[in-house]
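# Descriptive analysis of the structure
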Amino acid sequence: MLIIIKAHAQAIPSGIWRAVLMIQNKEVPFLIEVIERKENLPTFVIHNGEERIQATEISYSNDSLVINMPVFDSEIIAKVEKNNMKGIFRKNLPGNAIYRVPFQAQYGEMHRFDKNPDKASENMSGKWEVTFINADGRTSQAIGIFNQKENYLTGTFLTPTGDYRFLEGQVSGNRFSLSTFNGESILLFEGIVQGDSITGQTWSGISGNRRWQAKRNENAQLPDPEKLTFLKEGYDRLSFRFPNMNNKLVSIDDERYKGKVIVVQLLGSWCPNCMDETAFLAPYYDANKDKGLEIIGLCYERSPNFEESRPRILKMMKRLQVNYEMLFAGTTDKEEANKTLPMLNAVIAYPTTIFIDKKGKVRKIHTGFSGPGTGSYYTEYVEEFDRLVKKLLSE
């Protein structure tokens, strides 16, 4: 079946396309599904394991197709010639900063990595204790969770401040590859498996590169996310005042929030983990707002300028159907962010979630977020979140 773009007499075949982004001389592959709509322009669906990201804001600029990413301020711009697309992926960064990487796609190709991989000689399914190693020798810990069926491999990495979301790839012999693209992050993992050990390398964006090693450990654990961010001695509550999307100053001490249970979310519209958390919080708020729950999002953006950041935040709110208040709190710079909430030891990660009882006292602070790509970790977090909110509401 062909989807005809009447305005430009272009024919875009519906079905699966194998797409590739080039970063650091490495191919990062992913699949795009083109779905016919009643209008002239189709929907583009990005596949990462179980994840499906629908891009419906499609247009033409001159002779190029523009696929606007659904949450993030970025787009794919490509020329379509029969069964091929070729162009760039571009992020729109503050100050007209340049972030462009080459993009191309081929219709009808269903493989993500090797079309005919060797039979897998190792099985990566299970939990792995991971150490990432920076170029300067600094290390950080993570947990790898993988599921392998013959050659097909999915999984993610959990870190003390979040996760790498949905990764998809394959095992060929004792070598493996995993990748993801979600409209913001471009990630590639490669490595060699030898029994219960892995040596690997990861590439992210236009410059990120780290070595890593792992050993199988079903009991691997990370630092307690409820002990990383905390109130300084002498404090038991938050205090802040930031502009909302109407540029009206909103304070946690406003009458609207008195006597309510409040969840304060530190996030950014550029942050994939934050989008996972927001996708959970938005319907949760709608279901519980009449029971005495309020949620306030404090947005830390790439630009310090309210007018430049506002449309990015509004785009996120529209896409994720956010009905709770979002405030512009400043920039992502950690030193500047620390100044906005001086009662905290530090702003360590986006997202960070702060639970406040009806008396205005902070009861718990959770650093990071384990999203749907982490499986049972996500399920457990959602259950714990719900139990705590219900407890605070009942007090």
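Residues numbered from 1 in each chain as written. Predicted model: local features only at pLDDT ≥ 70, side-chain atom pairs only at ≥ 80, totals over all residues. Heavy atoms only, no water.

### Side note on the overall build of the protein
Each helix and strand counted, the protein has four helices and 27 strands in total. Whereas a compact globule of 395 residues would reach a radius of gyration of roughly 21 Å, the protein reaches 22 Å, a difference of no more than 12%. Structurally, the protein occupies a C-alpha span of about 60 × 55 × 40 Å along its principal axes. Counting across all 395 residues of the protein, residues that qualify as buried make up 53%. Restricting to contacts in the protein with at least 6 residues of sequence separation, those with at least 24 account for 57%. Here the protein contributes 50 positively and 49 negatively charged side chains, and the mean placements of these two sets differ by 2 Å. (Helix = DSSP H or I, 4+ residues; strand = E, 2+ residues; numbered from the N terminus. Rg over C-alpha atoms; globule rule 2.2 N^0.38 Å. Buried < 20%, exposed > 50% of the residue type's maximum accessible area, 1.4 Å probe, protein only. Contact = heavy atoms within 4.5 Å. Lys, Arg positive; Asp, Glu negative; His and termini not counted. Charge placed at Lys NZ, Arg CZ, Asp CG, Glu CD.)

### Focus on the sheet that holds strand β5 (residues 43–48)
In any sheet, the strands associate via hydrogen bonds between backbone groups, in a parallel or an antiparallel arrangement. In space, the nine strands of this open sheet follow the order β6-β5-β4-β3-β11-β10-β9-β8-β7, with antiparallel pairing throughout. Whereas interior strands pair on both sides, the edge strands pair on one side only; in this sheet they are β6 (51–55) and β7 (58–61). Within this sheet the neighbouring strands show an average axis-to-axis angle of 30°, counted without direction. Here five bridges tie strand β4 (residues 26–35) to β5, and the two strands are oriented antiparallel to one another. Residue pairing across strands places V34 opposite F44, the latter belonging to β5. (Pairing = 2+ DSSP bridges. Axes fitted to C-alpha atoms, helices over the stretch in contact; angles between N-to-C directions.)

### A word on the side chain of K315
The residue K315 is located in helix α2 (residues 306–320) in this model. Buried within the structure, K315 lacks any salt-bridge partner; D73 is the closest side chain of opposite charge, at an N-O distance of 4.8 Å. (Salt bridge = Lys/Arg side-chain N within 4 Å of Asp/Glu carboxyl O.)

### A word on the environment of E75
Here E75 shows up in strand β9 (residues 74–81). Spatially, the C-alpha atom of E75 lies 17 Å from that of E308, the residues being 233 residues apart in sequence. The contacts of E75, once residues within four sequence positions are left out, are V66, I67, N68, M69, I88, F89, R90 and N92. In this structure the side chain of E75 is engaged in a polar contact, spanning 2.8 Å, whose partner is the side chain of R90. A distance of 3.3 Å separates polar atoms of two side chains, one belonging to E75 and the other to N92. (Polar contact = N/O pair within 3.5 Å; in protein donor to acceptor, adjacent residues only side chain to side chain.)

### Let's talk about the environment of A279
Take A279: it is sitting in helix α1 (residues 272–288). C-alpha of A279 to C-alpha of G371: the two residues are 92 residues apart in sequence and 9.7 Å apart in space.

### Focus: the packing of aromatic side chains
Applying the stated criterion across every chain yields a total of 26 aromatic pairs. Taken together, a centroid distance of 4.9 Å and an interplanar angle of 85° make the contact between F89 and F181 edge-to-face. Here the residue F89 occupies a position in strand β10 (residues 84–91), and F181 occupies one in strand β17 (residues 175–181), the gap between them amounting to 92 residues. Since its relative accessible area comes to 0%, F181 is described here as buried. Here the aromatic rings of F306 and F328 are separated by 5.9 Å at their centres, their planes lie at 65°, and the arrangement is edge-to-face. Of the two residues, F306 sits in helix α2 while F328 sits in strand β25 (residues 325–331), which places them 22 residues apart along the sequence. (Phe/Tyr/Trp six-rings, centres within 6.5 Å; stacked < 30°, edge-to-face > 60°.)

### A word on the pattern of salt bridges
In the structure shown here, the tally under the stated rule is 23 salt bridges. Put simply, E294 and R256 hold a salt bridge, and the shortest N to O gap is 3.2 Å. On the criterion of sequence distance, the pair formed by E294 in strand β24 (residues 293–301) and R256 in the loop between β22 (249–251) and β23 (261–267) is long-range, its members being 38 residues apart. Residue R256 is classed as partly exposed on the basis of its relative accessible area, which comes to 37%. A salt bridge links E395 to K391; the nearest nitrogen and oxygen atoms lie 2.9 Å apart. For K391, a relative accessible area of 43% gives the class partly exposed. Each member of the salt-bridge network shares a partner with another, and the members are R256, K260, E294 and E325.

### Regarding the state of the cysteines
If you walk through the whole model with that rule in mind, you get zero disulfides. Residue C299 stays outside any disulfide, its sulfur separated by 8.8 Å from that of C274, the closest cysteine. (Disulfide = S-S within 2.5 Å.)

### Details of α2
Each full turn of the α-helix corresponds to 3.6 residues, which orients residues three or four apart in the same direction. Here α2 contains 15 residues, and its C-alpha end-to-end distance of 21 Å stays within 8% of the 21 Å for a straight helix at 1.5 Å per residue. Among the residues making up α2, those that are buried are F306, S309, R312, I313, K315, M316, M317 and L320. Two to three positions downstream of the cap, the backbone nitrogen of E307 sits 2.9 Å from a side-chain oxygen, assigning the N-cap of α2 to N305. Once α2 ends, the next one or two residues include Q321, with phi positive near 55°. (Expected span 1.5 Å × (residues − 1).)

### Concerning the nonpolar core
By size, the foremost hydrophobic cluster in this structure holds 60 residues, and its most contacted members are L238, F240, V264, L298 and M316. Elements with a minimum of two residues in this core: β23, α1, β24, α2, β25, β26 (352–356), β27 (362–367) and α4 (376–394). Beyond its immediate chain neighbours, meaning those up to four positions away, V264 contacts L238, F240, I252, I296, L298, T352, T353, I354 and I356. Within the second largest apolar cluster, 34 residues are counted, among which are M69, Y99, F113 and F181. (Core = buried A, V, L, I, M, F, W, Y, C linked by side-chain atoms within 4.5 Å.)

That's the geometry; what it means functionally is another story.
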